Amino acid sequence: MEETNETLCIGIDLGTSRSSISASNGERHVIDSYVGWPLDMVGRKLVKKTVLIGREALDNRSMLDLRRPLERGVIKEGSAKDEEAVQELLRHLISLIGIKQKSKTRGKVRAVVGVPAEAFRVSRQRLRSAMDGVADSVMLVSEPFAVAYGLEALLHAMIIDIGAGTADFCVMQGRYPTEADQRTLPNAGDSIDERLLKLIQEHHPEAQVSIHMIRDWKEKWSFVGEPKSRVTVTVPTKGKATEFDITDEMRAACESILPPISETLIDLLSRVEPEYQEQVRNNIIVAGGSSLICGLPDALEKACSELGGGRVTVVKDPIFAGSDGGLSIARDASTADWERLSL
Amino acid sequence: MEKDVAETKLRILREAIQSNVGVVRSSKVKPQGLPKRAPPLWFWGFLLIAIGAAAADFVVRQQEREEVKKMVGIQLDTLRGIQNQKSVAHLAVPSLVVSRGKDPSSHSAAVDMANPLLPVGSHLLNATTPLSALYQMNRTVLPLSVRRIVIDPGHGGKQHGAISESGVSEKDITLDIALRLRGLMENGSLEVFMTREADETLPLEKRVAFANANNADLFVSIHVNWMEPREIRPLETYYVGATNDPAVIKLASIENRDSGYSLSDYRRVLDKIYLDTRREESHRLAKAINGELYQSLSLINPELENRGVKMAPFAVLIGTQMPAVLAEVSCLSNEDDVKLLTNADYREKIAQALLRGILSYANNLNGSEKKVADLWKKPTKLSASE
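Right, let's walk through the structure included here. (Residues numbered from 1 in each chain as written. Chains lettered and ligands numbered in written order. Predicted model: local features only at pLDDT ≥ 70, side-chain atom pairs only at ≥ 80, totals over all residues.)

Our next topic: the overall build of chain A. In terms of helices and strands, chain A carries 13 helices and 17 strands. For chain A, with 343 residues in total, the buried portion stands at 48%. Pairs at least 24 apart in sequence give 69% of the contacts found in chain A among residues at least 6 apart. (Helix = DSSP H or I, 4+ residues; strand = E, 2+ residues; numbered from the N terminus. Buried ≥ 20, exposed ≤ 12 C-beta atoms within 10 Å, placed from the backbone. Contact = placed C-beta atoms within 7 Å.)

We now examine the overall build of chain B. When helices and strands are counted, chain B shows 14 helices and 11 strands. Of all 386 residues assigned to chain B, the portion counted as buried reaches 35%. Of the contacts formed within chain B by residues at least 6 apart in sequence, a portion of 76% connects residues at least 24 apart.

Looking now at the sheet that holds strand E16 (residues 284-287) of chain A. Sheet strands pair via backbone hydrogen bonds, and the direction of the pair is either parallel or antiparallel. All names here are of chain A. The five strands are arranged E13-E12-E11-E16-E17 in an open sheet whose pairing can be described as mixed. Where the open sheet ends on each side, the last strands, each with one partner, are strand E13 (182-185) and strand E17 (312-314). Neighbouring strand axes in the sheet, compared pairwise and without regard to direction, differ in orientation by 20 degrees on average. Sheet strands in contact with helix H10 (residues 274-281) are strand E11 (155-162), strand E12 (167-173) and E16, and its direction is about 50 degrees off that of E11. (Pairing = 2+ DSSP bridges. Axes fitted to C-alpha atoms, helices over the stretch in contact; angles between N-to-C directions.)

Glancing now at the pairing of strand E3 (residues 28-32) of chain A. Residue and element names in this part refer to chain A. Here strand E2 (residues 18-23) pairs with E3 via five bridges, running antiparallel. Paired with Ser20 across the bridge in E3 is Val30. Taking the residues that link successive antiparallel strands as the turn, the E2-E3 hairpin has four residues, and the phi of Gly26 there is positive, at about 95 degrees.

Compared with the 16 Å implied by 1.5 Å per residue over 12 residues, the 17 Å span of helix H12 (residues 321-332) of chain A between its first and last C-alpha is a close match. Counting buried residues along H12(A), 10 of its 12 residues qualify, which places the element largely inside the surrounding structure. (Expected span 1.5 Å × (residues − 1).)

The next thing to look at is the packing of helix H9 (residues 258-271) of chain A against helix H11 (residues 296-305) of chain A. Residues and elements named next belong to chain A. One can describe the packing of H9 onto H11 by two numbers: an axis separation of 10 Å at closest approach and a directional angle of 50 degrees. Here H11 runs oblique to H9, going by the angle between their axes. As for how H9 packs across H11, the hand of that crossing is right-handed. Across from Leu258, Ser262, Leu265 and Ile266 in H9, the residues of H11 making contact are Ala299, Leu300 and Ala303. (Parallel < 35°, antiparallel > 145°, perpendicular 65-115°, else oblique. Left-handed = near helix turned anticlockwise from the far one by under 90°.)

This part takes up the packing of helix H6 (residues 189-203) of chain A against helix H7 (residues 211-221) of chain A. Residue and element names in this part refer to chain A. In contact at an axis separation of 9 Å, H6 and H7 are set at 110 degrees when each is read in the N-to-C sense. Looking at the two axes, H6 sits roughly perpendicular to H7. The hand of the H6/H7 crossing is right-handed. Along its contact with H6, which presents Ile192, Asp193, Leu196 and Leu197, the element H7 presents Ile211, Ile214, Arg215 and Lys218. For the contact of H6 with H7, a count of residues per class yields five nonpolar, no polar and three charged. (Nonpolar A, V, L, I, M, F, W, Y, C, P; charged D, E, K, R; others polar.)

Before going further, it helps to spend a moment on the sheet that holds strand E4 (residues 35-38) of chain A. Residues and elements named next belong to chain A. With antiparallel pairing, the three strands of this open sheet are ordered in space as E5-E4-E6. Across the chains shown, the open sheet's two edge strands, defined by having one partner strand only, are strand E5 (52-53) and strand E6 (64-67). Across two bridges, E4 lies against E5 in antiparallel orientation. Residue Gly36 lies in a different strand from E5, and its bridge partner there is Leu52.

Further remarks concern the nonpolar core. In this structure, A:Ile10, A:Ala111, A:Val113, A:Met139, A:Ala148, A:Ile159 and A:Ile329 are the most contacted members of the largest nonpolar core, which totals 101 residues. Top element by residues in this core is helix H3 (residues 80-96) of chain A. It accounts for six residues. Among the domains, domain 1 (153-186 + 257-314) and domain 2 (189-255) of chain A are the pair contributing at least three residues each to this core. In contact with A:Ile10, not counting residues within four places along its chain, are A:Ile21, A:Ser22, A:Ala23, A:Ile97, A:Val109, A:Ala111, A:Leu327 and A:Ala330. Residues B:Ala162, B:Val220, B:Ile222 and B:Ala288 belong to the second largest nonpolar core, which totals 63 residues. (Core = buried A, V, L, I, M, F, W, Y, C linked by C-beta atoms within 7 Å. Domains from an automatic or database assignment.)

Moving on to the pairing of E2(A). All names here are of chain A. Among the six residues in E2, five count as buried, and that is most of the element. Pairing of strand E1 (residues 7-14) with E2 involves five bridges; the strand directions are antiparallel. Residue pairing across strands places Leu14 opposite Ser19, the latter belonging to E2. Here E1 folds back onto E2, and the loop between the two strands holds three residues.

In structure tokens form, the structure reads like this:
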């Protein structure tokens, strides 16, 4: 650790749905990855701000040009507005931990940012550019690797980081994971949302639902296997509040991500050297917002049963596991290393 | 033990930093621009005259350029299309300027680009490349005639593909149509290869390797769709490319299930495809085949829905090194389509339409009716055999 009074180490998990930050000054925050600008004079007058971030942006979305600027964990391509939105998001995260961007007394900020395991090189470069002016030095690491590092699960372990945009896999074999050790799937929280919306629209065409309502329901009641209780929601139908049972739709939507995740898990396991496969099988760690789906570890253990069984655990703090891991990396890197990574 | 963990962490951390240093270096590389010192006035005068002369020459030579474009065979439009691809916006794509004097020996092609070397096939264009060299290059980049074709009946063996409610398997239908297509081609001078001739399991990467190893000029993969809602009866033909259509992504993920490729493999290869003139040729082939299929089958099947030509990242289209298409010739989720598919005459009609599509493409490529006649001596009677 080479942290001084003048330097601040931070770990950022820039997620499609939520972004979290952990800092060496003890601050930890999570925000919804939404950025919105008032659409017109009326909006500006009402919200009294030039830009709104996170939940505040979501709550005032009718008045805003609302952006969810990250797609599958990286900046959406081809949109300058989305790039600007990511910068706003990063600036906001930094301000939450007490850093004033334009302060002359501001110390050096060293940031580790998690990106999807198989993010394009060009996406990494764009993210580095977005960090310009936000931090002084930046290191980009794969999200599951950041989780593994934070948990010190560096040998014979598999990390599955299931977020909104992607499910990222990484097998730790005592080395920095190579491409062969990692996978990224697009089947994650967002695909559950889309599936759930479609199923509800098919089965209850009269129900008026939005994708934001769907996301809220999923966060409250998502499950695979047997539900703890029936899932009922109240939604307007032609303006009248009506109750619907969406248990079956919720199960079908959540279980839709299981086959690709199980297949990838088994595929990656089969590529591990045979003498270590059992150890890896018994050390599968699930992180990310979608790891909170009820019954998910059991379902993945069931998938491992055809290989001889396995043990799947969910990290204690799925929301901050990535940013905490990033912070650990940032703290452990030497000053000389950080100088090589300066912006 | 703690010491071991600390050492492992330190080693891994060094590797992580090293991998980041590579990204930092490449992101700090600035494109080479004009020198900071302003050039003298005479330079700007000379430049203006040169631009004026070039513009006048451009107008005069427009017609000639079209002719040369055909001869050279490089699809300038394709290159411009590539330039417009946002995904490769960081790559410089050249404009090709061909100049021809009275003396054929003075013909030359200049490549104007920030990145002076654009790989095209196995060749690299230098700042001035003799036109004759481009002619030679064209023959390797895009074959001027179709001599060898690989037909790929989808699925097979343990991989049934789609199965209708009445139990008809995609793998059986595709093999039957492929065998019929080969039968129709036996009368011509085209060399026909099939990835499988029986009900056998064949991984997608082996199909790709087979087509590449045999230096095929065309690759045609035959499939039968399965789609919700079941009332629909779509006809679609695919060529390689990225897509945002969720239905196509779903279909590609189903068809690619046994590919042996990982998602990162697809991404890497798709990146290259943007720089691949082969894609434009695949598009033309797909259009020709889809047009013939619809024209022929809609007479028997009026409810057939022509969904046209689409891009999709199917494994067999990504890996093959020649113009390649995947035709979804019918739909096993629709029982009326299933009834038609169980009829030998209908399968024969599909094979004939595929043949006409292939020949139509070859005809345009060769630009000569005579060559097409060489390719295929039309049988006197196209009969449906059980």
